[in-house]
Amino acid sequence: MIDRYAWAGGTEAWVRHGKAGQPLVIAALPPFEEANRTRALMMRVLMQLTVHGISVTLPDLPGTGESLVATEDARLADWQAAYAAAVEEARRDHPEIHSIAIRAGALIDVQADVASRWHLSPQDGASLRRELGRIAKAAALEDGGSVEWPSASTVVEVAGNRLSNDLLAELLTGYPPLPAPLRVIRLTEDAAPADRYINGAPLWRRAEPDQNLDLADALADDIADWIARCAK
Amino acid sequence: MVPEGVDQVETAVRAVLRDALGISAERVAAFDATTPLFGSLPELDSMAVAGLLTELEDRLGILIEDDDIDGETLESFGALVRFASDKALR
């Protein structure tokens, strides 16, 4: 079911499945291009969670998805505030709410008041910003031009997306460590620390959106176990 | 897994080419030090380079500054493994 939730800056759409009274998983995709590459994986994970008796929601955030906010007006602080507001609105129907995020989606649930967090291959803001810089330069190079990076202008074009320089600056903001309970999952070949490593290819790298049902189902099982353990 | 030797770095670079570019494991396994990359692999356009570098950072636990990259870094498979080894094993 698609309807809308309210936050301080307006309303945004959210997809919701499940029943009132069940625990709820709210999900954050990584921003920008990686959202397209991981959406199919995330939707499969969410659908599998409903089989485990867990309700799910995937909110659009201001300046992403179907949002009427222009991409260049998107701010990380607004994403965090909108996500936290979605959690509060969902709490009317769901006493227990857990957040899951893929990649830099892990930057989005920092303000949310949730029972636990589960992050797949979390990417920090500095790494995302470095990658956006590379993409901007590469795209400019392919067009035979060049790009100023870091840029002094208000809006920076990154491969067709017009991004606010304020947003790029927000990515360098440091955060205190997230409170427990937090579970971090990474793919087997990742060097960074994690609570568990799972086999699978990083779909967020593929130029063409791809799906991996085995990976999605393994992730959904892990989340369902995690939530059951958090409830004890 | 933080690599401890050139062999492990080479294995990681092969895996990144496979996973980030979607090149089949068989094709990647046939790469040797002289296999040309940038300009020769159709999958490796300049946009793909951005993802490749970030994935190398993740897999090898390294930080790549854009100034580190020059025309030769991605010239051949051997050059890329040398670059990644210099970063990961120092």
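Above this note sits the structure.
Everything numeric here is computed off the predicted structure, so don't read it as measured data.

With respect to the side chain of A:Glu89
Residues and elements named next belong to chain A. Tracing the backbone through its elements, the reader meets Glu-89 in helix α2 (residues 76-90). Summary of buried charges: Glu-89 has no salt-bridge partner, and the nearest side chain of opposite charge, Arg-92, is 4.3 Å away. Once residues lying within four places of it in the same chain are set aside, the contact partners of Glu-89 are Arg-4, Tyr-5, Ala-6 and Trp-14.

Observations concerning the pairing of strand β3 (residues 24-28) of chain A
All names here are of chain A. Where burial is concerned, most of β3 is hidden: five out of the five residues are buried. A two-sided burial pattern is seen for β3, the buried positions comprising Leu-24, Ile-26 and Ala-28 on one face and Val-25 and Ala-27 on the other. Handedness of the crossover joining β3 and strand β4 (residues 55-59) through helix α1 (residues 33-51) is recorded here as right-handed. Looking at chain direction, β3 and strand β5 (residues 97-102) are connected through five bridges and run parallel. Within β5, the residue paired with Leu-24 across the bridge is Ile-97.

Some points on the sheet that holds strand β6 (residues 116-120) of chain A
Strand pairing in a sheet is mediated by backbone hydrogen bonds. Such pairs are either parallel or antiparallel. Residue and element names in this part refer to chain A. Read across the open sheet, the eight strands follow the order β1-β2-β4-β3-β5-β6-β9-β10; overall the sheet is mixed. In this open sheet, the two edge strands, each paired with only one partner strand, are β1 (2-7) and β10 (196-198). Neighbour-to-neighbour, the strand axes of the sheet open up by a mean angle of 25°, direction not taken into account. By the bridge criterion, three bridges tie strand β9 (residues 182-187) to β10 in an arrangement that is parallel. Bridge pairing in β10 places Ile-185 opposite Arg-196. This element, α2, spans β1, β2 (10-17), β3, β4 and β5 of the sheet and lies at about 115° to β1. Contacting β3, β5, β6, β9 and β10, helix α5 (residues 213-231) runs over the sheet at an angle of about 160° to β6.

Considerations on the environment of A:Gly21
Residues and elements named next belong to chain A. Mapped onto the elements, Gly-21 comes out in the loop between β2 and β3. Residue classification places Gly-21 among the exposed residues on the basis of a relative accessible area of 51%. Taking C-alpha positions, Gly-21 is 11 Å from Ile-97, a pair spaced 76 residues apart along the chain. Every residue in contact with Gly-21, bar those within four places of it in the chain, is listed here: Asp-93, His-94 and Pro-95.

Some details on the interface of chain B and chain A
Each partner contributes to the interface: chain B provides 23 residues, whereas chain A provides 21 residues. There are seven salt bridges connecting chain B and chain A. Its salt-bridge partner being A:Arg205, residue B:Asp58 comes within 3.7 Å of it at the nearest N-O pair. Seen at the junction of chain B and chain A, the total is nine residue pairs in polar contact (both at pLDDT 80 or more). Of all the secondary-structure elements, those providing two or more residues to the side of chain B that touches chain A are α1 (6-21) and α3 (46-60) of chain B. No other element matches the 11 residues that α3(B) contributes to the side of chain B that touches chain A. Considering only residue class, the side of chain B that touches chain A consists of 10 nonpolar, five polar and eight charged.

Procedures and definitions
Residues numbered from 1 in each chain as written. Chains lettered and ligands numbered in written order. Predicted model: local features only at pLDDT ≥ 70, side-chain atom pairs only at ≥ 80, totals over all residues. Heavy atoms only, no water. Helix = DSSP H or I, 4+ residues; strand = E, 2+ residues; numbered from the N terminus. Buried < 20%, exposed > 50% of the residue type's maximum accessible area, 1.4 Å probe, protein only. Lys, Arg positive; Asp, Glu negative; His and termini not counted. Salt bridge = Lys/Arg side-chain N within 4 Å of Asp/Glu carboxyl O. Contact = heavy atoms within 4.5 Å. Right-handed = clockwise from strand over helix to strand, strands pointing away. Pairing = 2+ DSSP bridges. Axes fitted to C-alpha atoms, helices over the stretch in contact; angles between N-to-C directions. Polar contact = N/O pair within 3.5 Å; in protein donor to acceptor, adjacent residues only side chain to side chain. Nonpolar A, V, L, I, M, F, W, Y, C, P; charged D, E, K, R; others polar.

These figures come from the coordinates and say nothing about function on their own.
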